[in-house]
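Listed here are the chains, written in short residue letters.
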Amino acid sequence: PKKVVWPEDVKAYTSRALASENEIPGISREDTNTKLKEVLTYHAENDLLQFIRWSTFKLPQDFLAEERGIPPRFEVASLRPQYSPYEDSIERGWMCPPRTNAVMPVPQHTNSRKRKSVDRDDLRADRAPTPPWEKTKPSLESRMTPAPPKAKKRQRKMAKEMLEMNSKFSADLEKRKQRFQNGNAAQVSSPPSPRSPVVEIAPAGPIVGTCQDLKKRYFRLTSEPDPKTVRPQYILEQTLELLNREWAASSKTDNEYTGMCSQFKSLRQDLTVQRIKNAFTVAVYETHARIALEMQDTGEYNQCQSQLRALYKDVAAGNPTEFLAYRILYYVYTRNKTEMNDVLAELTPTDKADGAVNHALDVRSALALGNYHRFFKLYRTSPNMGINLMNHFVERERLAALANMSKAYLTVSLSFLSDKLAFDDNDKCLEFLREKNAQLPIAHLTDKGGVGYTTVRIKECATLFENMRSSAFGKIDIKGQI
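It should be emphasised that the depicted structure is a prediction, and the values quoted were computed from it without experimental measurement.

Caption draft 1: Representation of the overall build of the chain in the model. The secondary structure content of the chain amounts to 20 helices and three strands. Looking at the chain residue by residue over its 482 residues, the buried ones come to 39%. The contacts in the chain between residues at least 6 apart in sequence include a share of 64% that link residues at least 24 apart. Carbon and sulfur atoms make up 51% of the accessible area of the chain, which totals about 29700 Å².

Caption draft 2: Geometry of the confidence of the model for the chain. Here the chain shows a mean pLDDT of 77. Residues at 70 or above account for 69%. No element of the chain has a lower mean pLDDT than helix α4 (residues 85-91), which averages 42, and none a higher one than helix α9 (residues 279-294), which averages 96. Across residues 75-128 the pLDDT falls below 50, and counting only partners more than four positions away or on other chains, this stretch makes 69 contacts in the model. This model gives residues 140-144 a pLDDT under 50, and the stretch forms one contact once residues within four places in sequence are excluded.

Caption draft 3: Layout of the pairing of strand β3 (residues 452-456). Sheet analysis places strand β1 (residues 412-413) next to β3, joined by two bridges and oriented antiparallel. Among the inter-strand pairings, V412 is bridged to a residue of β3, identified as V456. Sheet topology note: the strand β2 (residues 442-446)/β3 ladder contains five bridges and is antiparallel. In the sheet register, T446 faces β3, and the bridge partner there is G452.

Caption draft 4: The arrangement of helix α17 (residues 394-408) in detail. The end-to-end C-alpha distance of α17 is 21 Å, a good match for the 21 Å that 15 residues give at a rise of 1.5 Å each. Judged by how many residues are buried, α17 sits mostly within the fold: 11 of 15 residues are covered. Those residues of α17 lying buried are V394, R396, E397, R398, L399, A400, A401, L402, A403, M405 and S406.

Caption draft 5: Spotlight on the packing of helix α8 (residues 254-273) against helix α10 (residues 298-314). Across the interface, α8 lies against α10 with an axial gap of 13 Å and an inter-helix angle of 20°. Put simply, α8 runs roughly parallel to α10. The element α8 and its partner α10 pack so that their crossing is left-handed. Seen from α8, the contacting residues are Y257, C261, K265 and R268; seen from α10, they are E300, Q303 and C304. Class assignment for the residues of the contact of α8 with α10 results in three nonpolar, one polar and three charged.

Caption draft 6: Structural detail: the side chain of Q274. Looking at the element boundaries, Q274 is found in the loop between α8 and α9. At 2.7 Å, the side chain of Q274 and the backbone oxygen of R231 are in polar contact. Other than its neighbours up to four places away in sequence, Q274 contacts P206, I207, V208, G209, V230, R231, P232 and L236.

Caption draft 7: Up close: the pattern of salt bridges. The tally for this structure, following the rule as stated, stands at 20 salt bridges. Note that D31 is salt-bridged to R68, the shortest N-O span being 3.1 Å. Residue D31 is located in helix α2 (residues 29-45), and its partner R68 is located in helix α3 (residues 60-68); the two are separated by 37 residues in the primary sequence. Note that E339 and R309 form a salt bridge whose closest N and O atoms lie 3.6 Å from each other. Note that E339 is positioned in helix α12 (residues 337-346) and R309 in helix α10, a separation of 30 residues in sequence. Accessibility expressed as a relative area gives 24% for E339, which makes it partly exposed. Bridged by salt links that share partners, the residues K35, E38 and E67 form one connected network.

Caption draft 8: Broad picture of the packing of α2 against α3. Between α2 and α3, the least distance of the axes is 8 Å, while the angle of their chain directions is 105°. If you check the angle between α2 and α3, you find them roughly perpendicular. Packed against α2, whose contacting residues are D31, T32, K35 and L36, the element α3 presents P60, Q61, F63, L64, E67 and R68 at the interface. Looking at the contact of α2 with α3 residue by residue, the class counts come to four nonpolar, two polar and four charged.

Caption draft 9: Spotlight on the nonpolar core. Ranked by internal contacts, the top residues of the largest apolar core, which has 76 residues, are L267, Y301, F375, L402, L417, L433 and F465. Top element by residues in this core is helix α11 (residues 320-334). It accounts for 10 residues. Both domains that meet at this core, namely domain 2 (227-384) and domain 3 (397-473), each give it at least three residues. Setting aside its immediate chain neighbours within four residues, L267 contacts R231, L236, T239, L240, L243, F280 and V284. If you look at the next biggest cluster of nonpolar residues, it comprises 15 residues, including W6, V10, Y13 and L40.

Caption draft 10: Region of interest: the sheet that holds β2. If you walk across this open sheet you meet the three strands as β1-β3-β2, and the pairing is antiparallel. Two strands lie at the open edges of the sheet, namely β1 and β2, each paired on one side alone.

Caption draft 11: Layout of the side chain of E397. Structurally, the position occupied by E397 is in helix α17. Residues contacting E397, with those up to four places away along its chain left out, are L367, F375, F376 and F473.

Cut-offs and rules
- Residues numbered from 1 in each chain as written.
- Predicted model: local features only at pLDDT ≥ 70, side-chain atom pairs only at ≥ 80, totals over all residues.
- Heavy atoms only, no water.
- Helix = DSSP H or I, 4+ residues; strand = E, 2+ residues; numbered from the N terminus.
- Buried < 20%, exposed > 50% of the residue type's maximum accessible area, 1.4 Å probe, protein only.
- Contact = heavy atoms within 4.5 Å.
- Areas by Shrake-Rupley, 256 points an atom, 1.4 Å probe, with all protein chains shown as cover.
- pLDDT = per-residue confidence, 0-100.
- Pairing = 2+ DSSP bridges.
- Expected span 1.5 Å × (residues − 1).
- Axes fitted to C-alpha atoms, helices over the stretch in contact; angles between N-to-C directions.
- Parallel < 35°, antiparallel > 145°, perpendicular 65-115°, else oblique.
- Left-handed = near helix turned anticlockwise from the far one by under 90°.
- Nonpolar A, V, L, I, M, F, W, Y, C, P; charged D, E, K, R; others polar.
- Polar contact = N/O pair within 3.5 Å; in protein donor to acceptor, adjacent residues only side chain to side chain.
- Salt bridge = Lys/Arg side-chain N within 4 Å of Asp/Glu carboxyl O.
- Core = buried A, V, L, I, M, F, W, Y, C linked by side-chain atoms within 4.5 Å.
- Domains from an automatic or database assignment.

Spelled out as structure tokens, the structure:
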């Protein structure tokens, strides 16, 4: 037989039916269990459990009281174990009960008797079989005839299951009561009842710093920030001016950059805890991003870039097109096709008309087409600080270009390679080639005019350059990648 999954409202109905305060004198608990089993079995076999409002449905002892002529029991509303705002909405006409398009099944044992109409609040179906407890009373002979042994065994089994289910539900209900009494009711995510007061907790507002120190080391917050250690905006503005002057006068060594980065991160932290998002915030992140680009710190730059992308949507300040171009070049470097497609979809005609954005799009197009000649021309003419980002992937593109050249040329001059690969002079090009292979086939020759030149038998290095290209286009792991 198909296992029946009893809904929660059916379990609550069972608990109310077996509660001692709902007992009626003259009706034994065994009779109540039998009638309860009959009611639930009927609705389960006919798939009607979800159509009944069980919180107000007549209890089995009430049906027995009507059959035996016993005065009815008037149920008090306050004895209901649960309150449902959804049911209250239905009673007041705010909501309609759920509808279903499923056809109600008709049992095989239906007879030709005229069915009694069923109250629409108790049964949500157009035509349903008449419940057995609302049919005409059975004859005295049928009531005196004992039930078959198998039927009695099945009734006892079902009654035992219902009692076990009721005891389990009562235990769960008691646990819930204790949990609510211990003050955990505030953690429940169910919608509040309109009959109970709603306690609103005001969200904590932003703090206002009182610290007057211009410089402060960066520390990760492990607790709620103290206003005494947070600098207000007018102090932070003085801090930014001081840091700009110090960086311009520095030698830009790694140690100096480490200290400067700590100061900027502390500045950004003070802005964040005070929820300051304005033109000054944009200026702080842009300045830090440019310094990170200058020092080839792509991780720190990426963190600033991610914040700037959100700030540009809320604050009309700064240089959004400049950093849009940097973002395109950054996605070229990381080969992040998903983010690149999102950026391209968001571009406006005004963005495309900007010189820096147009240059970044040309770089992307050149690499997508494998046009290394155009790429290295764009590399030489990169605006703003775009070349600082292109320096991160120019080496791999040089190896890719060498792999392609080795398939087309036998021997090339060093000056040809230096020009095509965008080196400043022949010496740097030769140094690059020797770093890749100490036994590179290089020959120093002299032309008819007595001018010396160097050639490279590039065809002999085809396999080497191809392996280097495959290695250069491996996975990129960047600190701060988002």
